[in-house]
Amino acid sequence: LTIMGSMKLSTKEIETWTKARELFKTFHGTKALELYQSLAKKYPLHPHLLFEMASAAKLSGDVPLARASFRKALRHGQNEARLLLPLGREFRSLRMSREARECFQRVVQLESKSIPGIAEMVRWYESEGNIDGAQQLLDPILAVEPNAPLARHLQAFLLHRRSEFS
């Protein structure tokens, strides 16, 4: 059986991965982590597996392992926008700003019209006080999708922030 791209897993491995996900979703981080680690021994470069293992490590309180595994997921998943957005959010939650920004920038590079990716960079620029840079990222989205709820929300937010600086 194949899961997440070209990775071929046995039925037992799929059952293990599924069980790890179930444990994680029910806040059993330590038990989930053990299962993810057993899979990672065989598939040490799979970015989605590394991401899930890092999330379980974070849930179980093993922050050093979480940080290392998230970094490894980034190294091996740099071309997967679908992974980079949640990965960036995890880095941000761990106060790993450089890595978070790298993820969000990469999402925008890979998918220039990704409203969630642009939203993260707009928020980033806004937090730095770069309202003009944030607006420049948002304008192309508003030109194509002027009624997109998230884009409209960000536009209103930037207008409000701009008025605070005036």
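Quick notes on the rules
- Residues numbered from 1 in each chain as written.
- Predicted model: local features only at pLDDT ≥ 70, side-chain atom pairs only at ≥ 80, totals over all residues.
- Heavy atoms only, no water.
- Helix = DSSP H or I, 4+ residues; strand = E, 2+ residues; numbered from the N terminus.
- Buried < 20%, exposed > 50% of the residue type's maximum accessible area, 1.4 Å probe, protein only.
- Polar contact = N/O pair within 3.5 Å; in protein donor to acceptor, adjacent residues only side chain to side chain.
- Contact = heavy atoms within 4.5 Å.
- Salt bridge = Lys/Arg side-chain N within 4 Å of Asp/Glu carboxyl O.
- Axes fitted to C-alpha atoms, helices over the stretch in contact; angles between N-to-C directions.
- Parallel < 35°, antiparallel > 145°, perpendicular 65-115°, else oblique.
- Left-handed = near helix turned anticlockwise from the far one by under 90°.
- Nonpolar A, V, L, I, M, F, W, Y, C, P; charged D, E, K, R; others polar.
- Core = buried A, V, L, I, M, F, W, Y, C linked by side-chain atoms within 4.5 Å.
- pLDDT = per-residue confidence, 0-100.
- Expected span 1.5 Å × (residues − 1).

Notes on the side chain of H46
- Residue position: H46 is located in the loop between α2 (29-42) and α3 (47-60).
- For H46, a relative accessible area of 10% gives the class buried.
- Here L49 takes part through its backbone nitrogen, which lies 3.1 Å from a polar atom of the side chain of H46.

Here we look at the environment of L138
- Examined against the element boundaries, L138 turns out to sit in helix α8 (residues 131-144).
- Owing to a relative accessible area of 1%, L138 belongs among the buried residues under this scheme.
- Measuring from C-alpha to C-alpha, the distance between L138 and A151 comes to 7.1 Å, with 13 residues separating the pair along the chain.
- Setting aside anything within four residues of it in sequence, one finds L138 in contact with I118, V122, A151, L154, Q155 and L158.

A closer look at the pattern of salt bridges
- If you walk through the whole model with that rule in mind, you get 12 salt bridges.
- Measuring nitrogen to oxygen at the nearest pair gives 3.1 Å for the salt bridge that ties R98 to E99.
- Within the structure, one salt-bridge network assembled from shared partners comprises R89, R92, E120 and R123.

Topic: the packing of α8 against helix α9 (residues 149-165)
- Direction vectors running N to C along α8 and α9 enclose 150 degrees, while the axes themselves pass 10 Å from each other. In this view, α8 runs roughly antiparallel relative to α9, as classed from their interaxial angle. Helix-helix and strand crossings are classified by hand; for α8 and α9 the assignment is left-handed. Every residue of α9 that contacts α8 at I131, D132, A134, Q135, L138, I141 and L142 is listed here: A151, R152, L154, Q155, L158, R161, R162 and F165.
- Residues that form the contact of α8 with α9 fall into these classes: nine nonpolar, two polar and four charged.

Concerning the nonpolar core
- Y36, F70, L87 and F91 are the most contacted members of the largest nonpolar core, which has 51 residues in total.
- When residues no more than four places from it in sequence are discounted, the contact partners of Y36 are W17, A20, R21, L49, E52, M53 and A56.

Side note on the environment of H153
- Mapping H153 onto the fold places it in helix α9.
- Residue class for H153 comes out partly exposed when judged on its relative accessible area of 48%.
- Residues H153 and A119, spaced 34 residues apart in sequence, show a C-alpha to C-alpha distance of 9.7 Å.

Comments concerning the confidence of the model for the protein
- On average, residues of the protein score 92 in pLDDT, and 96% of them are at 70 or above.
- The secondary structure element of the protein with the lowest average pLDDT is strand β1 (residues 2-3), at 46, and the one with the highest is helix α4 (residues 63-76), at 98.

Some words on unusual backbone geometry
- A positive phi angle is found at F27, which is not glycine, with a value near 65 degrees.
- You can see F27 is positioned in the loop between α1 (11-25) and α2.
- The exposure class of F27 is exposed, given its relative accessible area of 68%.
- With a phi angle near 60 degrees, R95 is a residue other than glycine that sits in the positive phi range.
- Among the structural elements, R95 can be located in the loop between α5 (81-93) and α6 (97-110).

Things to note about α4
- Compared with the 20 Å implied by 1.5 Å per residue over 14 residues, the 20 Å span of α4 between its first and last C-alpha is a close match.
- In this structure, the buried residues of α4 make contact with α3, α5 and α6.
- At the N-terminal end of α4, a side-chain oxygen is found 3.1 Å from the backbone nitrogen of L65, two or three residues along, and the residue is D62.

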